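Structural features, examined
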Amino acid sequence: MTATRSVVLGCGSYLPQQILTNAELAARIDTSDEWIVQRTGIRQRHIAAEGEFTSHLAINAARAALADAGIDAQSIDLIVLGTSTPDHTFPATAVAVQAALGINHGAAFDLQAVCSGFIFALATADNFLRTGAFKRALVIGAETFSRILDWNDRGTCVLFGDGAGAVVLEAQPQPGEASDRGILTTHLRSDGRHKSKLYVDGGPSSTRTVGYLRMEGREVFKHAVGMITDVIYDAFKATGTTAEDIDWFVPHQANKRIIDASAHKLHIAPQKVVLTVDLHGNTSAASIPLALAVAVKDGRVKKGDLVLLEAMGGGFTWGSALLRW
Ligand code: UT7
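Heads up: these notes are all about the structure in this document.

About the criteria used
- Residues numbered from 1 in each chain as written.
- Predicted model: local features only at pLDDT ≥ 70, side-chain atom pairs only at ≥ 80, totals over all residues.
- Heavy atoms only, no water.
- Helix = DSSP H or I, 4+ residues; strand = E, 2+ residues; numbered from the N terminus.
- Rg over C-alpha atoms; globule rule 2.2 N^0.38 Å.
- Buried < 20%, exposed > 50% of the residue type's maximum accessible area, 1.4 Å probe, protein only.
- Contact = heavy atoms within 4.5 Å.
- Areas by Shrake-Rupley, 256 points an atom, 1.4 Å probe, with all protein chains shown as cover.
- Lys, Arg positive; Asp, Glu negative; His and termini not counted.
- Charge placed at Lys NZ, Arg CZ, Asp CG, Glu CD.

Some remarks on the overall build of the chain
Along the chain, the regular secondary structure elements total 10 helices and 13 strands. By the compact-globule yardstick of 20 Å for 325 residues, the chain fits well, its C-alpha radius of gyration being 18 Å. Each principal axis of the C-alpha distribution contributes one length, and for the chain these read about 60 × 45 × 40 Å. Going through the 325 residues of the chain one by one, you find that 56% of them count as buried. Partitioning the contacts of the chain with sequence separation of at least 6, the portion at a separation of at least 24 is 76%. Roughly 13700 Å² of accessible area belongs to the chain as shown, and the carbon and sulfur atoms make up 52% of that amount. The chain carries 30 positive and 33 negative side-chain charges, and their two centres are separated by 3 Å.

Put into structure tokens, the structure is as follows:
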């Protein structure tokens, strides 16, 4: 039995030039490098320059992914961009990316699932590719969270950063076995009862303003590990895979303690965990493709490797994806 799978042809990322260290933050607000590192694992984050928008980060990441895949932008017929910090309320930031790449066929749209944005975008693109509706997709996670942070709130402003990452997916016939390349399974969940635990206190319909990020950090933390491990068990069950089979665990990079606790609970060996939260902070929908790009570039993630992705964030939303590189 053959199956159509969404196979990763390439990936790429982009980070704004400016780096903001914990020490620089400690000079501005009542915090310390020691507290931030101990509680989160974050040491620095990148901050977009004045006039540098989410679309600019996304375009650079998309170009890097296309170059890595060795394909022309014209062969892309679907762009799904995960972001909660679009350039404008509308049109979608994805159409700015589409125009910059000179593509005027197919479809481009944004998807808003906060920190789970990349997993939700990946699953959406995968479903379109497997039905045959589109052939080649750019899946992007891009954020400028620095623009929605309350820089006087030490409980949130130390946690987030800006950046973008992208993958190119192609629909390919595969044998329909566990050894197939491509996305093997995706699992998406949401529970709106938690919508007030991590939100932005503005919006076009409610306040006519953009607003600032607000979070009950401890409440989010409390739910994170259980939700993450639940959807990963779903991925294992759907594919008959175990933690032993995983080559690389590339989690959403929000907090090293959450990542460590999730890997420990799942019995995933620490050396299989890709960690970039120290360098990038929490870049929301961009964090997984940014981490993927690091691990591909340094030679860890190779063709044929089994890669497990997961994310959890505002909504709450959470999800997993299991793919063979
Ligand atoms: O992307 C997905 C969504 N986000 C997350 O996954 C984040 C989930 N939550 C977390 O990562 C953690 O809850 C935080 C890192 C946000 C906070 O860590 P915590 O260990 O849960 O700390 P806490 O909120 O319980 O605060 C402990 C103390 C408090 O002081 P008191 O009340 O004990 O005197 C805070 O006021 O730490 C204080 N605090 C800080 N101190 C220095 C809070 N933020 C800071 C700070 N610097 N930046």
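Now that the structure has been shown, the text picks up again.
Quick look at the environment of A62
Within the secondary structure layout, A62 lies in helix α3 (residues 54-69). According to the relative accessible area criterion, A62 is buried, its value standing at 0%. Taking the C-alpha atoms as reference, A62 lies 7.3 Å from G165; in sequence the two are 103 residues apart. Once residues lying within four places of it in the same chain are set aside, the contact partners of A62 are V97, L101, L138, I140 and A166.

This is a description of form; function is not addressed.
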